[in-house]
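# Secondary and tertiary structure notes
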Amino acid sequence: CGGGIYFATSPEATKTKAIGPDSHKGFLIEATVDVGTVKFMPRTCDRSLTGQTVQSEGYDSVSFDPGDGQEYIIYANSRILSVRQIPM
């Protein structure tokens with residue numbers, strides 16, 4: 001879904017997302033996010049999406065399920081209302 005800030009819907013859902021050699025170390029960031037009007041996309045999404053494109057279509061965010069759980073993408077950090085660190 002292009003360059004944006006990606007969110008899973010639960011701590012458990014993050015276990016299969018963004019996996020790299022340093023995954024599951026440190027802490028989890030719990031966030032309250034105002035997703036606004038959501039554009040729901042198919043499993044493959046559209047990697048060329050930008051915040052400007054999404055906004056021009058009347059949406060504030062995008063959501064899709066790549067097969068391991070729903071994800072929400074925002075394109076403006078002002079939509080993040082609060083954050084909290086949770087030790088892993």
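Cut-offs used in this document
- Residues numbered from 1 in each chain as written.
- Predicted model: local features only at pLDDT ≥ 70, side-chain atom pairs only at ≥ 80, totals over all residues.
- Heavy atoms only, no water.
- Disulfide = S-S within 2.5 Å.
- Helix = DSSP H or I, 4+ residues; strand = E, 2+ residues; numbered from the N terminus.
- Buried < 20%, exposed > 50% of the residue type's maximum accessible area, 1.4 Å probe, protein only.
- Core = buried A, V, L, I, M, F, W, Y, C linked by side-chain atoms within 4.5 Å.
- Contact = heavy atoms within 4.5 Å.
- Pairing = 2+ DSSP bridges.
- Right-handed = clockwise from strand over helix to strand, strands pointing away.

Under the definition given, this model contains 1 disulfide. Shown here is the disulfide that connects Cys1 with Cys45, its sulfur atoms set 1.6 Å apart. Residues Cys1 and Cys45 are joined by a disulfide whose S-S torsion is about 105°; by sign, that bridge is right-handed. Here Cys1, found in the segment before strand S1 (5-8), pairs with Cys45, found in the loop between strand S3 (38-40) and helix H1 (51-56); they are 44 residues apart in sequence, far enough to count as distant. Among the residues examined, Cys45 registers a relative accessible area of 12% and is labelled buried.

Moving on, we get to the nonpolar core. Soluble, globular proteins show a tendency: their nonpolar side chains are buried together. With 8 residues, the main nonpolar core is built from Cys1, Met41, Cys45, Leu49, Val54, Val62, Phe64 and Ile73. Non-local contacts of Met41, meaning those with residues more than four positions away in its chain, are made with Asp46, Leu49, Val62, Ser63 and Phe64.

This part covers the pairing of strand S4 (residues 61-64). Of the two faces of S4, the one holding Ser61 and Ser63 and the one holding Val62 and Phe64 are both buried throughout. When S3 meets S4, the two strands line up parallel, connected through 3 bridges. In the strand pairing of S4, Val38 is matched with Ser61. Crossover handedness for the path S3 to H1 to S4: right-handed. With 4 bridges connecting them, S4 and strand S5 (residues 71-74) associate as antiparallel partners. Bridged to Val62 within S5 is Ile73. In this antiparallel pair of consecutive strands, S4 and S5, the connection spans 6 residues, and Gly67 shows a positive phi of 120°.

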